[in-house]
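Listed here are the chains, written in short residue letters.
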Amino acid sequence: QKEVEQNSGPLSVPEGAIASLNCTYSDRGSQSFFWYRQYSGKSPELIMFIYSNGDKEDGRFTAQLNKASQYVSLLIRDSQPSDSATYLCAVRGGKLIFGQGTELSVKP
Amino acid sequence: ETGVTQTPRHLVMGMTNKKSLKCEQHLGHNAMYWYKQSAKKPLELMFVYSLEERVENNSVPSRFSPECPNSSHLFLHLHTLQPEDSALYLCASSQTRAGRSGNTIYFGEGSWLTVV
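If you're wondering where the values come from, they're calculated on a predicted model, not measured in any experiment.

Engineer: What is the right way to read the overall build of chain B from this model?
Structural biologist: Helix and strand content of chain B: zero helices and 11 strands. If you list the helices and strands of chain B from N to C, you get β-β-β-β-β-β-β-β-β-β-β. Radius of gyration (C-alpha) of chain B: 13 Å, near the 13 Å computed for a compact globule of 116 residues. Expressed as lengths along the three principal axes of its C-alpha atoms, the size of chain B is roughly 40 × 30 × 25 Å. Burial analysis of chain B (116 residues in total) assigns 46% to the buried set. Intrachain contacts of chain B at a sequence separation of at least 6 include 55% that bridge at least 24 residues. Split by element, the accessible area of chain B, about 5400 Å² in all, is 49% carbon and sulfur. Within chain B, the 10 negative side-chain charges are centred at a point lying 5 Å from the centre of the 11 positive side-chain charges.

So this is what it looks like as structure tokens:
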């Protein structure tokens, strides 16, 4: 079992829709959870981090954490073509472990 | 601009060459990292330095040799690489290395390495 697992996609949504990206992790002791966005040919950039159960909202982005079920998700409301990128989930227990990323494509 | 600068951005080298990747962070962070990113694979942590001391080496072949002369600079020396080492090499930094909530890492733009 991978330590941090994401569906590689591609996930395709129409412009204006909600994009839902999911991530599961295996280490129950994980404390911090991060979402990075990586455009093609660019380095990852931090979008959000969350460490408490529940939702955390920042503009069009909402991170959701459920430690009991060991998943973290990222919702993108009113998706735009500029949101098209690969989204990396990262989970920190003793180490920061990255998932392989989910490719999101927002169609105009 | 993340405050982490990498040079060169692109490097092509032969298998017998010696080259180095350079990273500089302007964030006042105490921890620096080298990651490798290959196509369709998760980011692979290579080395971690905390306060200029190497604290983690994830079974990286000796043909990769890191150097951290101070808390702002990190190098990756490359020698007798193989074609399968072609990848994007990312430098990153964070305030501390400890697994504390919100201790985020910030990436440089990366160095694209091609070994021929």
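Engineer: Looking at this structure, how should I read the sheet that holds strand β3 (residues 18–25) of chain B?
Structural biologist: One key point about sheets: their strands pair by backbone hydrogen bonds, in either a parallel or an antiparallel sense. Residues and elements named next belong to chain B. An order of β1-β3-β8-β7 is seen for the four strands of this open sheet, with the pairing classed as antiparallel. Strands at the two margins of the open sheet, each flanked by one partner only, are β1 (4–7) and β7 (64–70). Taking each pair of neighbouring strands and ignoring which way they run, the sheet shows an average axis angle of 20°. As paired strands, β7 and strand β8 (residues 73–79) are joined by five bridges and run antiparallel to one another. Along β8, the bridge assignment pairs Asn70 with His73.

Engineer: Looking at this structure, how should I read the sheet that holds strand β3 (residues 19–25) of chain A?
Structural biologist: All names here are of chain A. If you walk across this open sheet you meet the five strands as β1-β3-β8-β7-β6, and the pairing is antiparallel. The sheet terminates laterally at β1 (4–6) and β6 (54–58), the two strands that pair on one side only. Ignoring which end each strand starts from, the neighbouring axes of this sheet average 20° apart.

Reading the values: rules and limits
- Residues numbered from 1 in each chain as written.
- Chains lettered and ligands numbered in written order.
- Predicted model: local features only at pLDDT ≥ 70, side-chain atom pairs only at ≥ 80, totals over all residues.
- Heavy atoms only, no water.
- Helix = DSSP H or I, 4+ residues; strand = E, 2+ residues; numbered from the N terminus.
- Rg over C-alpha atoms; globule rule 2.2 N^0.38 Å.
- Buried < 20%, exposed > 50% of the residue type's maximum accessible area, 1.4 Å probe, protein only.
- Contact = heavy atoms within 4.5 Å.
- Areas by Shrake-Rupley, 256 points an atom, 1.4 Å probe, with all protein chains shown as cover.
- Lys, Arg positive; Asp, Glu negative; His and termini not counted.
- Charge placed at Lys NZ, Arg CZ, Asp CG, Glu CD.
- Pairing = 2+ DSSP bridges.
- Axes fitted to C-alpha atoms, helices over the stretch in contact; angles between N-to-C directions.

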